[in-house]
Amino acid sequence: MRASSSTYAARIRRFRLPRLCIAVIGTEASSIVERAESLVRDNPFLEFRLDYLSQPAAGLPKLKNFLEMHPEATVIATCRRAVNGGKLRSSVAAQLNILLKAADSGFQLVDLELQSVKALKPEQLQELSDRVGLIISHHNFRNTKKLEDPFEEMSQYQADFYKVVSTATNLYDNVVMMKFLEANSGKHEMIGLCMGEQGIISRVLGVRAGSVFTFGAATRGEETAPGQATALELRDIYRIETVDAATQVYGVAGDPVEHSLSPVMMNAAFRRETVNAVYLALHAKSLKDLLACVRDIPIRGLSITMPYKQDIVEELENSDPPTRLVGACNTLVRSVDGKLYGFNTDMAGIVVPLEQRLPLAGARILLVGAGGVARAAAFGLKAKGAEVFITNRTTEKAQSLARQAKAKYLKRSEVAKQSFDVIINATPVGMGNGKQSPLEEKELNTKYVFDLVYVPAETRLIRMARAKGIHVIPGLEMFVQQGARQFEIWTGKPAPIAEMGYVVTKALERRAAEEAIESRKPSASKAARKATKSAKKASR
Ligand code: NAP
């Protein structure tokens with residue numbers, strides 16, 4: 001905190017501030033006000049990005065009016081210059097002028113980047129900080145290196161808050177940022193986070209490492225920095241206001257994980273069962289990076305997804321029988337002494353929905369596909385006494401899996417001649433646009449079809465099966481069951497399965513609706529490609 005005696009502005013104290021500040025953008029002051037009006041009741045801490053306005057100074061009277069109407073709001077005025085990553089194409093003098101006017105308009109805080117601070121005369125900076133709370137900021141858009149260097153320069157100047165923002169190029173950068181915050185937040189009021197998709201750890205956990213607050217976007221599409229989560233995500237999914245030193249950290253790790261539905265599902269489960277835990281999407285570009293994070297944060301448990309399910313097995317201290325049988329681990333537990341234990345809940349994800357419907361001993365089950373999930377299914381179903389058949393695009397892979405799991409290989413041309421109790425689609429065919437099916441209608445001689453693809457919820461295979469009067473089991477059931485088992489392994493509590501299924505179904509419906517709106521826009525083909533791509537990612 002500043003030590004100066006000649007302070008005229010009421011100094012903003014950290015304990016007065018919520019943990020989440022929502023950045024509001026608009027090219028016209030009226031659109032900023034409109035957006036702020038819709039947010040302020042639930043989010044009294046806002047940042048107005050004046051540099052997005054076509055005429056920042058001219059917009060201030062309208063913003064002043066908003067501030068007068070909402071004395072409960074705390075609002076930061078930011079007018080970042082283009083050379084420092086903002087949109088203002090004016091001199092530092094013009095920037096200062098706008099921020100002084102913002103102070104006179106009733107903003108409680110202004111954000112000024114270090115580069116501009118350095119260009120000002122001491123008396124100019126003094127004039128600004130006498131009138132309004134000052135955040136001195138520094139943004140590194142390339143990496144998370146040498147955080148101390150800009151901070152050392154910043155701390156030469158008196159300010160209410162020091163904001164250091166970097167770019168995460170790997171997961172460990174979050175650890176670097178949080179260690180930096182821990183080292184400096186005892187002496188200074190700090191704000192710190194990493195931008196970029198890989199920066200989500202610091203955006204959520206930074207507040208417990210000493211960042212006074214963090215930033216969120218008003219909605220998807222209104223982000224003011226790469227990787228910025230929306231306010232709704234930070235508040236409702238990650239429960240940012242309740243994250244504290246005791247909060248246990250879990251996540252889904254893979255490459256990619258951007259569209260994973262696991263955070264929505266698992267955070268809902270933690271909230272429902274009042275477990276003080278947060279579950280993050282960790283985009284790990286290498287296993288080495290992931291393991292370094294697991295050790296340092298420390299992370300209590302992980303859902304492991306592609307492409308690390310097999311590679312992680314070598315890192316395990318011990319594992320459950322399904323992991324050893326399948327040779328793949330999708331669930332990690334880190335003990336307090338840092339040892340890693342592996343579990344495979346994919347197997348339960350396939351077996352449990354089937355067991356709930358039919359006796360598996362002696363059941364004739366056809367697996368289409370011979371990849372990782374088919375492998376879990378083959379071993380899991382054999383262990384339950386089922387008679388398992390495997391067919392696959394690549395014959396050798398099906399034959400090899402059949403040999404290992406003591407199942408039977410079936411030529412594709414033989415499928416239509418046989419009848420089964422269950423057919424399981426363990427390929428990605430049908431994902432995304434829902435127009436393809438791994439099997440033809442005449443091949444569906446079965447009582448049940450279990451399509452492990454769950455984006456979209458209604459695949460072509462599911463529709464064809466329904467039309468033939470076959471019972472269908474949607475892939476969502478596997479997703480929820482494997483997640484439920486993970487929850488139980490991590491917490492020792494029964495999983496709130498109904499809640500988990502509900503939130504994932506709703507999230508899928510929302511996504512489908514958004515994609516339908518996108519596809520009606522003129523560049524429909526581009527949107528369709530995007531939808532297929534995001535569905536592929538979601539299914540990992
Ligand atoms: P994987 O290891 O990559 O295996 C994919 C399998 O699908 C391989 O056997 C592959 O055949 C086959 N395949 C791929 N493209 C094909 C095509 N165009 N036509 C015919 N066969 C094709 O993937 P995985 O991890 O086993 O996952 C398989 C699918 O399961 C995923 O795509 C996802 O939809 C679903 N899944 C669902 C859940 C859930 O919770 N519901 C969880 C995980 C996965 P080749 O051997 O010839 O390459």
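If you're wondering where the values come from, they're calculated on a predicted model, not measured in any experiment. The residue count restarts for each chain, going from 1 along the sequence in the order it is written. Reporting in this predicted model follows two pLDDT cut-offs: at least 70 for local features of residues, and 80 or more for side-chain atom pairs to be given and counted; totals over whole chains, interfaces and linings ignore these cut-offs and use all residues. Excluded from the side-chain calculations are hydrogens and water; all other atoms, namely the structure's heavy atoms, are used.

1. Points about the overall build of the protein chain
Operational definition: For helices the rule is a DSSP run of H or I covering at least 4 residues; for strands it is a run of E covering at least 2, with both sets numbered from the N terminus onward. Using C-alpha atoms as the atom set, the radius of gyration is obtained and then compared with a globule rule of 2.2 Å times the number of residues to the power 0.38. Residues are treated as being in contact if the distance between any of their heavy atoms lies within 4.5 Å. Counting rule for charge: Lys and Arg are taken as positive, Asp and Glu as negative, and neither His nor the chain ends is counted. To locate a charge, take atom NZ for lysine, CZ for arginine, CG for aspartate or CD for glutamate.
Helix and strand counts for the protein chain come out as 20 helices and 20 strands. Relative to a compact globule of 540 residues, whose C-alpha radius of gyration would be 24 Å, the protein chain shows 27 Å and is just as compact. Its C-alpha atoms give the protein chain principal-axis dimensions of about 85 × 55 × 35 Å. Sequence-distant contacts in the protein chain: of pairs separated by 6 or more residues, those separated by 24 or more amount to 68%. In the protein chain, the 74 positive side-chain charges and the 58 negative ones have mean positions that sit 5 Å from each other.

2. Some thoughts on the sheet that holds strand S18 (residues 420–425)
Strand pairing in a sheet takes place through backbone hydrogen bonds and is either antiparallel or parallel in direction. The condition that has to hold: A strand pair is defined by DSSP finding two or more bridges across the two strands.
Spatial strand order, S17-S16-S15-S18-S19-S20: six strands in an open sheet with parallel pairing. Two strands close off the open sheet at either side, each with one partner strand: strand S17 (408–409) and strand S20 (471–473).

3. Some points on the environment of Lys179
Put simply, the rule reads: Buried means the residue's accessible area, taken with a 1.4 Å probe over protein chains only, is under 20% of the maximum for its type, while exposed means over 50%, and partly exposed covers the values in between.
Note that Lys179 resides in helix H7 (residues 172–184). Taking the relative accessible area as the measure of exposure, Lys179 reaches 43% and is therefore partly exposed. Remark: the alpha-carbon pair of Lys179 and Leu193, spanning 14 residues in sequence, is separated by 11 Å. The contact partners of Lys179, leaving out residues within four places of it in the chain, are Tyr172 and Asp296.

4. Overview of the nonpolar core
Quick note on the threshold: Take the buried Ala, Val, Leu, Ile, Met, Phe, Trp, Tyr and Cys residues and link them wherever side-chain atoms come within 4.5 Å; each set so joined is a nonpolar core.
With 89 residues, the main nonpolar core has Phe48 and Leu50 as its most contacted residues. The greatest single-element share of this core, amounting to seven residues, is contributed by helix H3 (residues 92–105). In this structure Phe48 touches Val24, Ile32, Ala36, Leu63, Phe66, Val75, Ile76, Ala77, Thr78 and Phe107, once residues within four positions along its chain are discounted.

5. Remarks on the pattern of salt bridges
Just so we agree on the cut-off: Salt bridge, as used here: a side-chain nitrogen of Lys or Arg that lies within 4 Å of a carboxyl oxygen of Asp or Glu.
Using the criterion set out here, one finds 27 salt bridges in the structure. Across the pair Lys442 and Glu440 runs a salt bridge whose closest N-O atoms are separated by 3.3 Å. Counted as one network, the salt bridges with shared partners bring together Arg80, Asp111, Glu113 and Lys163.

6. Points about the confidence of the model for the protein chain
As a reminder of what qualifies: pLDDT expresses, on a scale from 0 to 100, how confident the predictor is about each individual residue.
The predicted model of the protein chain has a mean per-residue pLDDT of 93, with 94% of residues at 70 or higher. Across residues 1–7, where pLDDT falls below 50, the model places 19 contacts with residues more than four positions away in sequence or in other chains. Under a pLDDT of 50 for its full length, residues 534–540 has, in the predicted model, 20 contacts with residues more than four places off or in other chains.

7. Considering the packing of helix H1 (residues 29–39) against helix H2 (residues 56–69)
Operational definition: Axes here refer to lines fitted to C-alpha atoms; in helices the fit is confined to the stretch in contact. Angles between the N-to-C directions go from 0 to 180 degrees. Here roughly perpendicular refers to angles of 65 to 115 degrees, roughly parallel to angles under 35, roughly antiparallel to angles over 145, and oblique to all remaining angles. Each crossing is labelled by how the near helix is turned from the far one, with a counterclockwise turn of less than a right angle marking it left-handed and a clockwise turn marking it right-handed. Residue polarity follows a fixed list, in which Ala, Val, Leu, Ile, Met, Phe, Trp, Tyr, Cys and Pro are nonpolar, Asp, Glu, Lys and Arg are charged, and the others, Gly among them, are polar.
The interhelical angle for the contact between H1 and H2, taken along N-to-C directions, is 20°, at an axis separation of 9 Å. Taken together, the axes of H1 and H2 lie roughly parallel to each other. In the crossing of H1 with H2, the sense of the turn from one axis to the other is right-handed. On H2, the residues that touch Ala29, Ser30, Ile32, Val33, Ala36 and Glu37 of H1 are Gly59, Lys62, Leu63 and Phe66. Residues belonging to the contact of H1 with H2 are distributed by class as follows: six nonpolar, two polar and two charged.

8. Re helix H11 (residues 287–296)
Taken residue by residue, H11 has Leu287, Asp289, Leu290, Leu291, Cys293 and Val294 as its buried positions. On the buried face of H11, the contacting elements are H7, strand S9 (248–254), strand S10 (277–283), strand S11 (299–304), strand S13 (331–334) and strand S14 (340–343).

9. Focus on the site of the ligand
Stated formally: Only a single heavy atom is needed: when it lies within 4 Å of a molecule or strand, its residue is near that molecule or strand. Any pair of nitrogen or oxygen atoms within 3.5 Å is treated as a polar contact; in protein, a donor-acceptor pairing is required on top of that, and neighbouring residues in sequence qualify only through side-chain atoms on both sides. To be clear on the numbers: accessible area is Shrake-Rupley with a 1.4 Å probe, and residue cover counts the displayed protein chains and nothing else.
Residues in contact with the ligand amount to 20 residues; listed here are only the nearest, Ala370, Val373, Asn392, Thr394 and Leu452. Taking Ala370, its main chain carries an N or O atom lying 2.8 Å from an oxygen atom of the ligand. Between an oxygen atom of the ligand and a main-chain N or O atom of Val373, the distance comes to 2.8 Å. Taken by itself the ligand offers 920 Å² of open surface, and the protein chains cover 77% of this.

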